[in-house]
Amino acid sequence: MKSRVASGVVMAAEAPTTTDWALDVREIVAGYGAHTALDGVTFTIEPGCLAGLVGPNGSGKSTLMKVVLGLMNPWSGDVSVFGGSQVRGVVGYTPQVELVDWAFPVTVADVALMGRYGAVGLVRRPGRRDREMAMAALERVRMADLSKRLIGELSGGQQRRVLIARALAQNADLILLDEPFAGLDATSQHDLIALFKQLSEEGKTLFVATHDLSCVSEDFDHAVLLNRKVVAFGRPADVFTETNLNEAFQRHLMVLPGGARTFVGS
Amino acid sequence: MEAVADFFSEPWSFEFMQRALIASVIVSVVAGVIGTFVILKGMAFVGDALPHASFGGVAIAFALGGSLYVGGAVAALVTALLIGVIGRRGVIRYDTAIGILFVGAFATGILVMSTQDNYTADLFAFVFGNVLGVSWDDVWLTAGVGAIVLLLVVLFYKELLFTAYDPAMAAASGLPVDAVQFGLLALLAMTTVIAMQTVGVVLVVALLITPAATAQLLTRSLSVMMVVAAGIGALSSLVGLYVAWHADVSASASIVLAATAIFALAFVLAPQRGALWQSSLMRR
């Protein structure tokens, strides 16, 4: 019953070893108090892929991210990242922009350098090599010119880029992004998707939680449709069927098949 | 000319004024540094609560004949721990937990005080501050504790910065975020204990947040903000003691009001972030 499309895909593949996956999530059950937020979540993501995590509010997207990051212990189930069970420090993360304190007196370079803090170790100071890695990460997201700016002086698109640079400076090969498109205008969103594609071509695996179905269906390699369970995962064209979307979003969403595109509204 | 020189040098010809200056400068420097984290993390209420809570410990230590500093420190640390224990369960909000605990601890102090026959002078000094009454022993203790607090901030600067700025990401990077956050409360508790004698529990929060808030108006980076906050705190102590000497008013209140006046000046006149600068931008 749970994750129909999901288990179908896994079974059909020739029993892959865990190291084949950038992210392998198995039978995760997690929640808060008596509330079950994730009820047997299972899916996999291939390395170097641009993957979307889509679901309605309250579907458990943020909980799933916390579990994958090791910020929250699941009640049962396993997460493995590139075949290893150690997720702390291995997975990069960019939080929702609203959760970041943009008034904090730090510069763009300071934030990128924070990506090195976990590797530097307690008490020790980041060295020249760490600064070079932070600067290289800023260059990859084209923010090196603004490295001395205060983070409070950035535009919405620039804010996202700095947070991504921090994950790159960490040397994380899997990066989780929580609602990076929220509040962005069309041009900035387009630029951000171009950056995602560039990074995935360079071998990074990106796992992006978003409300934006059309952008995932047009530009992403992979989609996970979540509503406490995985409704479906795989290629966006296979995942975003009318049946799956109606099951995931239930009455929060009306699906209008319109030619090549699927229009959705709440 | 000589009158002017006298005006500035006269107070320091008395040893109790020298002790007062040394103690209050040390306390306000330490409070400025810790206060920077306090205001950036929105912890002003905790900054007010821990000094009040530590008064409970001071009173108990006084009644038992123990060290007042140790009593205050223990009470502040226990309160900080309990705030974490109660707030983490999620049913009671953190600010509610803080409110319940600090009032309870402060009331304990008043209760214990009311059982003592000879309490007034000694214990009231901790409530309202008695910087002119500090002994050389107090000065050495203040210097020692202050040096430890500053050393820990320098050692763990990177961890304190990351945890204050983005605790979720800091935890995901493998930093011991819970330990760092409790460590910051412990540093706050130590600052509180040395500040009690200078300005008293009621006014400690002013030394924590007012110089740091002034520094925020004037600076662009955390490390510079900490240094400037420390400098403004030291300046407030100096100005406050002059005012107290020449006008013959309460020293602790004068120190706090000097800090308030410097904040008011910065709030109006600061480049870029001051009220005048911003309103002139609006009119353009």
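## Brief notes about the overall build of chain A
(1) Moving on: If you tally the helices and strands in chain A, you get nine helices and 11 strands.
(2) Moving on: Residue burial in chain A is summarised as follows: out of 266 residues, 42% are buried.
(3) Moving on: Taking all contacts inside chain A whose residues are at least 6 apart in sequence as the whole, residues at least 24 apart take part in 66%.

## Observations regarding the interface of chain B and chain A
(1) Moving on: Each partner contributes to the interface: chain B provides 20 residues, whereas chain A provides 22 residues.
(2) Moving on: Considered class by class, the residues forming the side of chain B that touches chain A number 12 nonpolar, four polar and four charged.

## Considerations on the pairing of strand S3 (residues 50-54) of chain A
Residue and element names in this part refer to chain A.
(1) Moving on: The buried count for S3 comes to five of five residues, which makes it a mostly enclosed element.
(2) Moving on: Of the two faces of S3, the one carrying Leu50, Gly52 and Val54 and the one carrying Ala51 and Leu53 are both buried.
(3) Moving on: Here S3 pairs with strand S7 (residues 205-210) via five bridges, running parallel. Along S7, the bridge assignment pairs glycine 52 with valine 208.

## Topic: unusual backbone geometry
Residues and elements named next belong to chain A.
(1) Moving on: The backbone phi angle of arginine 228 is positive, close to 65 degrees, even though this residue is not glycine.
(2) Moving on: Structurally, arginine 228 is set in the loop between strand S8 (222-227) and strand S9 (229-234).
(3) Moving on: Classification of arginine 228 as buried rests on a count of 20 C-beta atoms within 10 Å.

## Here's the deal with the environment of alanine 73 of chain B
Residue and element names in this part refer to chain B.
(1) Moving on: Relative to the assigned elements, alanine 73 resides in helix H4 (residues 68-88).
(2) Moving on: In this structure the C-alpha to C-alpha distance between alanine 73 and leucine 235, which are 162 residues apart in sequence, comes to 27 Å.
(3) Moving on: Not counting the four nearest positions on each side in its chain, alanine 73 is found in contact with Ser54, Ala189, Met190 and Val193.

## Remarks on helix H7 (residues 136-155) of chain B
Residue and element names in this part refer to chain B.
(1) Moving on: A rise of 1.5 Å per residue sets the reference length of H7, with its 20 residues, at 28 Å; its end C-alpha atoms lie 28 Å apart and thus fit the reference within 8%.
(2) Moving on: Those residues of H7 lying buried are Thr142, Gly146 and Val149. Along the axis of H7, the buried positions cluster into a sector of 60 degrees, meaning they face one direction only. For H7, the exposed residues set more than 90 degrees away from the buried face come down to Trp136, Asp137, Trp140, Gly144, Ala147, Leu151 and Val154.
(3) Moving on: Contacts made by the buried residues of H7 are with helix H2 (15-40) and helix H10 (177-199).

## Examining the sheet that holds strand S1 (residues 23-32) of chain A
All names here are of chain A.
(1) Moving on: Reading across from one edge, S2-S1-S4 is the order of the three strands in this open sheet, with antiparallel pairing throughout. The sheet terminates laterally at strand S2 (35-45) and strand S4 (76-81), the two strands that pair on one side only. Neighbour-to-neighbour, the strand axes of this sheet turn through a mean angle of 25 degrees, independent of strand direction.
(2) Moving on: Two elements, S1 and S2, share eight bridges in a ladder whose sense is antiparallel. Counterpart to valine 25 in the pairing with S2 is phenylalanine 43.
(3) Moving on: Packing against the sheet, helix H2 (residues 61-69) makes contact with S1, S2 and S4, and its axis sits at approximately 120 degrees to S1.

## Describing the confidence of the model for chain A
(1) Moving on: Averaged over all residues, the pLDDT of chain A is 86; the fraction at 70 or higher stands at 87%.
(2) Moving on: Across residues 1-15 of chain A the pLDDT falls below 50, and counting only partners more than four positions away or on other chains, this stretch makes 15 contacts in the model.

## Describing the nonpolar core
(1) Moving on: Formed by 177 residues in total, the largest nonpolar core has its most connected members in Val68, Val91, Ala112, Ala165, Ala223 and Leu225 of chain A together with Ile34 of chain B.
(2) Moving on: For this core, the element with the most residues is H2 of chain B, which contributes 15 residues.
(3) Moving on: Valine 68 of chain A has contacts with Leu23, Val25, Val79, Val87, Val91 and Leu176 of chain A, leaving out every residue within four places of it along the chain.

## Here's the deal with the packing of H7 of chain B against H10 of chain B
Residues and elements named next belong to chain B.
(1) Moving on: Contact pair H7 / H10: the axes reach a minimum separation of 10 Å and the direction vectors enclose 155 degrees. In terms of axis orientation, H7 runs roughly antiparallel to H10. In terms of crossing hand, the pair formed by H7 and H10 is left-handed. Residues Asp138, Thr142, Val145, Gly146, Val149, Leu152 and Val153 of H7 form the contact with H10, whose own contacting residues are Leu187, Met190, Thr191, Ile194 and Gln197.
(2) Moving on: A per-class count over the contact of H7 with H10 returns seven nonpolar, four polar and one charged.

## A look at the sheet that holds S7 of chain A
Residue and element names in this part refer to chain A.
(1) Moving on: Here six strands make up an open sheet; going across it, the order is S5-S6-S7-S3-S8-S9 and the pairing mixed. The open sheet terminates on both sides in strands that have one partner only, identified here as strand S5 (91-94) and S9. Adjacent strand axes in the sheet meet at a mean angle of 15 degrees, parallel and antiparallel pairs treated alike.
(2) Moving on: As judged from the four bridges shared by S3 and S8, these two strands associate in the parallel manner. For alanine 51, the partnering residue across the bridge sits in S8 and is histidine 222.
(3) Moving on: Here helix H9 (residues 242-249) sits on the sheet in contact with S8 and S9, set at roughly 150 degrees to S9.

## Some thoughts on the packing of helix H3 (residues 44-64) of chain B against H4 of chain B
All names here are of chain B.
(1) Moving on: As a packed pair, H3 and H4 sit with axes 7 Å apart at the nearest point and diverge in direction by 135 degrees. Between H3 and H4, the angle falls in the class oblique. Crossing hand, H3 versus H4: right-handed. Counted together, Leu50, Ala53, Ser54, Gly56, Gly57, Val58, Ile60, Ala61 and Phe62 of H3 and Leu68, Val70, Gly71, Gly72, Ala73, Val74, Ala75, Ala76, Thr79 and Ala80 of H4 form the full contact between these two elements.
(2) Moving on: In terms of residue class, the contact of H3 with H4 is made up of 13 nonpolar, six polar and no charged.

## Thoughts on the confidence of the model for chain B
(1) Moving on: Of all residues in chain B, 98% have pLDDT values of 70 or greater, and the mean over the chain is 90.
(2) Moving on: The ipTM value of the predicted complex is 0.83, and its pTM value is 0.87.

The rules we used
For every chain, the first residue of its written sequence is number 1, and the numbers climb from 1 along that sequence. Written order decides the labels, with chains lettered from A and ligands numbered from 1. Confidence filtering applies because this is a predicted model: local features only for residues at pLDDT of at least 70, side-chain atom pairs given and counted only at 80 or more, and all residues used for totals across whole chains, interfaces and linings. Numbering of helices and strands starts at the N terminus; helices are DSSP runs of H or I of at least 4 residues and strands are runs of E of at least 2. Partly exposed residues are those whose C-beta has more than 12 but fewer than 20 other C-beta atoms within 10 Å; 20 or more makes a residue buried and 12 or fewer makes it exposed, with C-beta atoms placed from the backbone. Placing C-beta atoms from the backbone, we regard two residues as in contact once those atoms come within 7 Å. Residue type decides the class: Asp, Glu, Lys and Arg count as charged, Ala, Val, Leu, Ile, Met, Phe, Trp, Tyr, Cys and Pro as nonpolar, and the leftover types, Gly among them, as polar. Should DSSP find at least two bridges between two strands, the strands are regarded as paired. Under the convention used throughout, the expected extent of a helix is 1.5 Å for every residue step, that is, one less than its residue count. Relevant arc is that of directions from the helix axis to the C-beta atoms, nothing else. Axes, fitted as lines to C-alpha atoms, cover a helix only where it is in contact. Angles between the N-to-C directions of the axes lie from 0 to 180 degrees. Per-residue confidence from the predictor is reported as pLDDT, which spans 0 to 100. Among buried residues, those of type Ala, Val, Leu, Ile, Met, Phe, Trp, Tyr and Cys that are joined through C-beta atoms within 7 Å form a set called a nonpolar core. Should an angle lie under 35 degrees it is considered roughly parallel, over 145 roughly antiparallel, and from 65 to 115 roughly perpendicular; all remaining angles are considered oblique. The hand of a helix crossing depends on one turn: near helix anticlockwise from the far one by less than a right angle means left-handed, and clockwise means right-handed.

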